[in-house]
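Working through the structure, step by step
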Amino acid sequence: MRKLSRSTAALGVAALLSLTGCGLSGGQTGATGKVADTNQRIVVDNFRAPVANWALESDAAYILSLSGCLETLTKYDSAQGKVVPFLATEWKQVSPLEWDFTIREGVKFQDGTDLTAETVAASLNSVLKAKVPARAFSPGIVSGVQATDAKTVRVTTPVENPLVPFRLASVNTGILAPAAYTGATVNPFGHCTGPFTPVSEKAKQSLTLDRNENYWGGKVQLAGAEVRFITNGATRAAQVQTGEADISLSIPASALSTLESAPEVSVLKADSPRTATLYMNNGRAPFNNVDFRKALRSALDLEALAASVYEGAALPAAGPFAPSEPWASSEAKTPKQNLDEAKKLLADAGYTADRPLEIIAIVERTEFADVATVIQDNLKDIGVPVTIQAKEYASAEPDVLAGNYDMILSQRNRLIDIADPIGFLTADYTCKGTYNLSHFCNEEYDALITEAARTSTTEERYKLYGKAGRLLNDQAVNLWLVNEQATDAVRSNVLSYVQDPLSRYVLTAQTAKAGS
Amino acid sequence: MITFLAKRTATLVAAVLLSSFAVFLIPYVTPGDPVRKIIRSRVAGDVVDEATVQALAESLGLNDPLPVQYLRWLGDFFTGDMGLSHISRTPVIDQVLPALGITLSLVLVALGTAVLVSLPLGIVAALKQGSKTDKLITTVTQSFIAMPEYWLAPLLVLVFALKLSWLPSAGWNTASSIVLPAATLSLRPISFFTSAVRSGMIDALEAEHIPAARARGLSHVQTVLRHVVPNGLVPLSTLFAVWFAGLLGGSVIVEVIFAIPGMGRLLYDAVVNSDIPLAQGGVVVVVALAVAITTLADFLHRMLSPKVSGALA
């Protein structure tokens, strides 16, 4: 049990938070004058535990990636807002349906075998064959992977797909050595290419890793690491405060004020691609009237909501995208509460309060109970009666997908598949979208998304996303409430920590720790 | 005695089967599609295409009629196979046994602590019945009932981990890891145990054979030690068994707050994620153990109490 080293509090210079304006970007610990000690080990508290026995198509891939074990062919650089080389040095579209990736030379797996086009193809094909395929890399999107020569892997798609390099940045497409696939389940131990080698696991508790002495990406600054699986947010907050953990990911809003005043702890915040949203059932009255939807939007006080329920750990939303996203409209503004306008719009819509409307607040997000109450109060002011029902998401989903609901509070990660919102915009808002909770259907919108999916120029594609976002906003399809922030806590002796809003990359070769 | 053992064995088998069937039904009687729950637990996503759902359901045998699924599980169980987890595809037994070991350690330490604390408190309270000491012990221990684990656990972390830095705030790594969770779990049993010991002792003190013992020349201390304390322990043995059985699967809150991978957390996750084989396997083990413990407590009760012994025979 490590004790708090209060005597060194004077050295606890807060790490700098740098939010760049280019893409979603995390904060980075800055220069503190401390010197890295390469004998140090680090402890990271992660918010999820692996459940699928390290299957790469599952969310376990996130844990292997953040731990510095699993690496992919490409990597999305949040700061640059683009896909950059990783295990592949370059790539090109050789035909409308084919992409060639050149495999980096001189890379060895942690078991000493060479990274080759054959091993890469075998690894990617094993993900393609999964019973529950990864969203980013499934047979519906990728029809085949094969090695065309010693250092080239060809990825074939059923239809032209300009986003293949983005898909190969998904952690689910991480590359493991052939020996990882010889048993009944995937075994990442000693079979990654990353800076850290997993050496032992305590089931549902932690993963221990040692430095990879032969890492292709340069000298690894830490001797090793322990990634703990701590699902309770308050516990993660306590551990970084006591010094039991050096980095705690995803700190809950309720613990922020305590941590922000704690010595030797820095709280890092970054815009995340998650927006708490009040989904409205556009498919049935009264929500099938755009004036009614706009009336509800005018009734809400989003700034008060962000300040009260989220205690400042979220920012009022200006539409379906966070302002930091490169496809977000720079003109988007947070709607201001205007009760007179709301009442006029209600009158225009011909609304009469013949029945109370229901908000489903899913219990998995504890703050939604309070959010629902604030909204209920706001809508009461314009004469719209609302009842609140707390439900588990799984029990609400069948009715919501079937269109048997009024409103539901939920949130979505727009970049859950790849670092591009095409999956979200397609699934959630196109007429045939597989997750169209709003039951919104608009030909103009569908045409925009179809065009975007075919557009290979990033800038052009982002412009189309921007247009689609404006259309959703103009139609007030949903009420986008607050942009949630990714919040990590880091002790001051951690050096070179770059916050990733999606928690894909936490431990890298550069991550270091000062001696105690 | 043979009749008693036969009845107990039949009870155990019936309890195991009934509880496993109830757990088997949970994913089907609660809203939401079990297969989507399984998929969501693997990929934490909301978008699941129908083809994936159907393929997974088929491969896991979830499209078969419910009785067929249950009887298949039952058949495997009687051949010693608890099946594979729907989520991790690893043998259920490999997940249940480590979790059970952890929970058993935690519960034993918690209830052992409760016994060590409540025994002297209950004895003193009974011997000083009606005094200020008795009232103080009774009031303080009774107040423990109103301290739920979700309130007490963060409080203990705040004091002993954050403020004093004496103990780890969470985890299951060193011997010190057990202190705070065991303390959290022991507080309410202390209340019930103290009350039980006190009541048992008072009943024993008022029994007819106590004046007779004193008349035989036994000192007060000898009388208490030989004739009162053993009788005071009788209700404690039953209570201990009941709490032990209850905490085997019921320590979820403490296990979540202190990041302990025990049975409570395992069963909770299994039910939430529709991991039916894991839930069934876990419940079977917990129920069997709970019935065995309460049976053992009945034997103990019989040994300590001649009246009960007579009734059982």
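Everything discussed here concerns the structure shown above.
This one's a predicted model, so the numbers in the text were calculated from it and none came from an experiment. (Residues numbered from 1 in each chain as written. Chains lettered and ligands numbered in written order. Predicted model: local features only at pLDDT ≥ 70, side-chain atom pairs only at ≥ 80, totals over all residues. Heavy atoms only, no water.)

Before going further, it helps to examine the interface of chain A and chain B. As a measure of interface size, the accessible area lost when the parts come together is often cited. Contacts between chain A and chain B engage 40 residues on the former and 38 residues on the latter. Summed over both partners, the interface of chain A with chain B buries about 3,400 Å², with 55% contributed by carbon and sulfur atoms. Applying the counting criterion to the chain A and chain B interface returns one salt bridge. Glutamate 397 of chain A is the partner of arginine 40 of chain B in a salt bridge, and the nearest nitrogen-oxygen pair spans 2.8 Å. Summed over the shared surface of chain A and chain B, the number is six residue pairs in polar contact (both at pLDDT 80 or more). Where the side of chain A that touches chain B is concerned, the elements lending two or more residues are α4 (233-242) and α10 (393-402) of chain A. A per-element tally of the side of chain A that touches chain B places α10 of chain A first, with six residues. Here the side of chain A that touches chain B is composed, by residue class, of 18 nonpolar, ten polar and twelve charged. (Contact = heavy atoms within 4.5 Å. Buried area = accessible area lost by both parts, 1.4 Å probe. Salt bridge = Lys/Arg side-chain N within 4 Å of Asp/Glu carboxyl O. Polar contact = N/O pair within 3.5 Å; in protein donor to acceptor, adjacent residues only side chain to side chain. Helix = DSSP H or I, 4+ residues; strand = E, 2+ residues; numbered from the N terminus. Nonpolar A, V, L, I, M, F, W, Y, C, P; charged D, E, K, R; others polar.)

Our focus in this paragraph is the pairing of strand β4 (residues 88-95) of chain A. Successive side chains on a regular strand alternate, one facing one side of the sheet and the next facing the other. Residues and elements named next belong to chain A. Pairing of β4 with strand β5 (residues 98-103) involves six bridges; the strand directions are antiparallel. Paired with glutamine 93 across the two strands is tryptophan 99, which belongs to β5. Counting the residues in the hairpin turn of β4 and β5 gives two residues. (Pairing = 2+ DSSP bridges.)

Below, the discussion takes up the sheet that holds strand β6 (residues 144-149) of chain A. All names here are of chain A. The strand order across the open sheet formed by four strands is β4-β5-β7-β6, and the pairing between neighbours is antiparallel. Looking along the sheet, the strands with just one partner apiece sit at the ends: β4 and β6. Strand-to-strand, the axes of this sheet are offset by a mean angle of 25 degrees, without reference to chain direction. As paired elements, β6 and strand β7 (residues 152-156) share five bridges and run antiparallel to each other. Bridging across to β7, alanine 147 finds its partner in valine 153. Running at roughly 175 degrees to β6, helix α2 (residues 117-128) makes contact with β5, β6 and β7 of the sheet. (Axes fitted to C-alpha atoms, helices over the stretch in contact; angles between N-to-C directions.)

Residue and element names in this part refer to chain A. For the bond from alanine 285 to proline 286, the omega torsion is 0 degrees, close enough to zero to count as cis. As for its placement among the helices and strands, proline 286 is situated in the loop between β12 (265-280) and α6 (290-299). A positive phi angle is found at asparagine 53, which is not glycine, with a value near 55 degrees. Looking at the secondary structure, you find asparagine 53 in the loop between β1 (41-46) and α1 (60-66).

The next point concerns the nonpolar core. Judged by nonpolar contacts, the single largest core of 82 residues is most densely connected at Phe258 and Met263 of chain B. No other element matches helix α5 (residues 92-127) of chain B, which puts 13 residues into this core. (Core = buried A, V, L, I, M, F, W, Y, C linked by side-chain atoms within 4.5 Å. Buried < 20%, exposed > 50% of the residue type's maximum accessible area, 1.4 Å probe, protein only.)

Turning next to the pattern of salt bridges. For side chains of opposite charge, pairing can occur when their charged atoms come near one another. Residues and elements named next belong to chain A. Inspection of every chain in the model, using the stated rule, returns 26 salt bridges over all chains. Linking glutamate 226 and arginine 228 is a salt bridge whose minimum nitrogen-to-oxygen distance equals 3.1 Å. You can call glutamate 226 buried: its relative accessible area is 19%. Salt-bridge contacts for arginine 365 lead to glutamate 367; the nearest nitrogen and oxygen are separated by 3.4 Å. For arginine 365, a relative accessible area of 22% gives the class partly exposed. Bridged by salt links that share partners, the residues Glu98, Asp100 and Arg154 form one connected network.

Residue and element names in this part refer to chain A. Along the polypeptide, histidine 191 turns up in the loop between α3 (164-167) and β8 (196-202). A residue is classified by how much of its surface remains accessible, and histidine 191, at 9% relative accessible area, is buried. There is a polar contact of 3.4 Å between the side chain of histidine 191 and the backbone oxygen of phenylalanine 189. Residues in contact with histidine 191, not counting those within four places in the same chain, are Phe109, Gln110, Asp111, Ile175, Leu176, Ala177, Ala179 and Ala180.

With that settled, the discussion passes to the packing of aromatic side chains. Residue and element names in this part refer to chain A. Throughout the structure, instances matching the rule amount to 23 aromatic pairs over all chains. Relative to tyrosine 445, the ring of phenylalanine 440 has its centre 6.0 Å away and its plane inclined at 75 degrees; by these criteria the two rings are edge-to-face. Using a relative accessible area of 5% as the deciding quantity, one classes phenylalanine 440 as buried. Here arginine 48 stacks its cationic end above the ring of tyrosine 62, 4.7 Å away from the centre of that ring. Against the face of tyrosine 505 rests lysine 75, its NZ or CZ located 4.6 Å from the ring centre. (Phe/Tyr/Trp six-rings, centres within 6.5 Å; stacked < 30°, edge-to-face > 60°. Lys NZ or Arg CZ within 6 Å of the ring centre and 35° of its normal.)

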